[in-house]
Amino acid sequence: MTKSVRYQKGQLYPEHSAWFVRYRERRRQQDGSIKNERRSKRLGSMQDYPTKSEIEPVRIAFMQKVNSGQVTADECMTLLEFVEAVYLPWAQTELRASTHKGYREIWENHMSGRVGQIRVREFRTVHASRMLRAIAGEHNLRKSSLQHIKSVLSGIFTHAKNEGAFDGANPVQGALIPNSARESGEEYAYNLAQILRILNVLPLLPQAVVATASLAGLREGELRGLEWPDYTVEQLSVNRSAWREFVNKPKTRASRQPVPVIPKLATILDAYRASMHHPSTGVMFHHGNGERMDMDKLAQRVIRPAVQAIGLQWYGWHGFRRGIASNLYALGANEKTVQRILRHAHPHVTKERYIKAFDAAVIEAMGRLQATVEVLESVSSNRPAGADKAHAKLLIENRGEMAEWLKAAVC
């Protein structure tokens, strides 16, 4: 026998110069169980609705929503309850471990104490705007950091809509980043002359890592994920990305494209491989124990001191990735070619463009990168003072010859 569903009229009552309706609704608990709980909803002020007969249509309309199921159990959760019980467990299962960790830290450090007690269904754009202004005022964050916080909160409400906990337009999308927030600093890219200077002072293992980052454009996690079967003399296959003990596929289809290997990089990788007794399997970059290398520790203990010792600054692993983009751009490659080399998924480029095999333009661009490396190396043996400026002058003076070469936006 089907159990009949009780129709609620709701108990209308005045309080604090306003009209309220009391009713019961089923609410999901943090352990997943459902419990009937008493709820109250403010319907309007007594100034706007002086008599019971005037507020009655409002009560009827609201209780129709309650009885039709439009007000669901999850809608009554606070944002704190929804994020802790629903969103973060989902993120832990569906997203990368590093992404889940970052989202949890953003929630706990910036959002939980500010907007956590607001009910999901009652959250408005003004709440997101006030939160962003408060964060900007207290922490002096850059606009890019605030935009990231906003994106995480927007993603929470996107998931809430998919779970039936929220209906309507995403309230976070219209929130503005405060103009008073700091502008993001200019990101640095190493030029070829600086890359060669860095390579020349590094021991073989860190030299091989830096060469792969700067001459193939791999990300830090992709460097950790490399294994020897991924490498041939002609290309590097990017099959995985590693963060801490977690190993995943690269984050996009475009990121899984192989990268051409120029002879300069092949020479360094072959020498490094020989020093490891020519392995054919296993992790490419490790300390000798076969475990994936901690790139941050390698940079902190070896690469950064070496970079600073030759009068340069350390700009992180992405400085090398931006470097290959800006160096190709300085030599004339078009944006699509460099984008393909970096495997970077710009929004305006379709997936079909990313998943194609290398074409002649990509191979030619990487070949010209190798040619420029050889030119710079040939003149660097008797390197005079101010050679970095000479490098820039070399590119400018030969631009008529190389203007057809490589162009690309810094990534």
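This structure is a prediction, so every number in the text was calculated from the model and none was measured.

Parameters at a glance
- Residues numbered from 1 in each chain as written.
- Predicted model: local features only at pLDDT ≥ 70, side-chain atom pairs only at ≥ 80, totals over all residues.
- Heavy atoms only, no water.
- pLDDT = per-residue confidence, 0-100.
- Contact = heavy atoms within 4.5 Å.
- Helix = DSSP H or I, 4+ residues; strand = E, 2+ residues; numbered from the N terminus.
- Buried < 20%, exposed > 50% of the residue type's maximum accessible area, 1.4 Å probe, protein only.
- 1 Å grid on protein atoms, 1.4 Å probe; cavity = no way out; pocket = protein on both sides within 12 Å on 5 of 7 lines; lining within 4 Å.
- Points joined across faces, edges and corners; volume = space filled by probe spheres on them.
- Nonpolar A, V, L, I, M, F, W, Y, C, P; charged D, E, K, R; others polar.
- Bend = angle between axes of the 7 residues up to and from the residue.
- Core = buried A, V, L, I, M, F, W, Y, C linked by side-chain atoms within 4.5 Å.

**Observations concerning the confidence of the model for the protein**
So, point 1. Of the residues in the protein, 81% have a pLDDT of 70 or more, and the chain-wide mean is 81.
So, point 2. Note on residues 347-358: pLDDT is under 50 here. Beyond four places in sequence and across chains, it has 22 contacts.
So, point 3. For residues 394-411, every residue scores under 50 in pLDDT, and the model assigns this stretch 52 contacts once sequence neighbours within four places are set aside.

**Description of the environment of Arg-22**
So, point 1. Within the fold, Arg-22 resides in strand S2 (residues 18-28).
So, point 2. Arg-22 gets classed as partly exposed once you look at its relative accessible area, which sits at 23%.
So, point 3. Distance from Arg-22 to Gln-11, taken between C-alpha atoms, is 4.9 Å for residues 11 residues apart in sequence.
So, point 4. Setting aside its immediate chain neighbours within four residues, Arg-22 contacts Gly-10, Gln-11, Tyr-13, Arg-38, Arg-39 and Ser-40.

**Brief notes about the layout of surface pockets**
So, point 1. There is about 940 Å³ of room inside the largest pocket.
So, point 2. Around the largest pocket, the lining is made up of 26 residues, and of these Arg-96, Ser-98, Thr-99, Trp-243 and Lys-251 lie nearest the centre.
So, point 3. Those elements that provide at least two residues to the lining of the largest pocket are helix H3 (97-115), helix H8 (220-225), strand S5 (241-243), strand S6 (246-248) and helix H10 (295-309).
So, point 4. Among the elements that make up the lining of the largest pocket, the one with the highest residue count is H3 (7 residues).
So, point 5. Here the residues of the lining of the largest pocket are counted per class, giving 7 nonpolar, 8 polar and 11 charged.

**Comments concerning helix H2 (residues 79-94)**
So, point 1. Where H2 bends most, the angle comes to about 35°, and this point is Tyr-87, followed within four residues by the proline Pro-89.
So, point 2. Looking only at H2, the buried set comprises Leu-79, Phe-82, Val-83, Val-86, Tyr-87, Leu-88 and Ala-91.
So, point 3. Each element contacted by the buried residues of H2 is listed here: H3 and helix H5 (143-162).

**Overview of the nonpolar core**
So, point 1. The biggest cluster of nonpolar side chains holds 56 residues, and the ones touching the most others in it are Leu-265, Met-284, Phe-285, Trp-317 and Phe-320.
So, point 2. Here Trp-317 is in contact with Val-209, Val-210, Ala-213, Glu-220, Leu-223, Met-295, Asp-296, Leu-298, Ala-299 and Ile-303, once residues within four sequence places are set aside.
So, point 3. Ile-106, Leu-146, Ile-149 and Ala-165 belong to the second largest nonpolar core, which has 33 residues in total.

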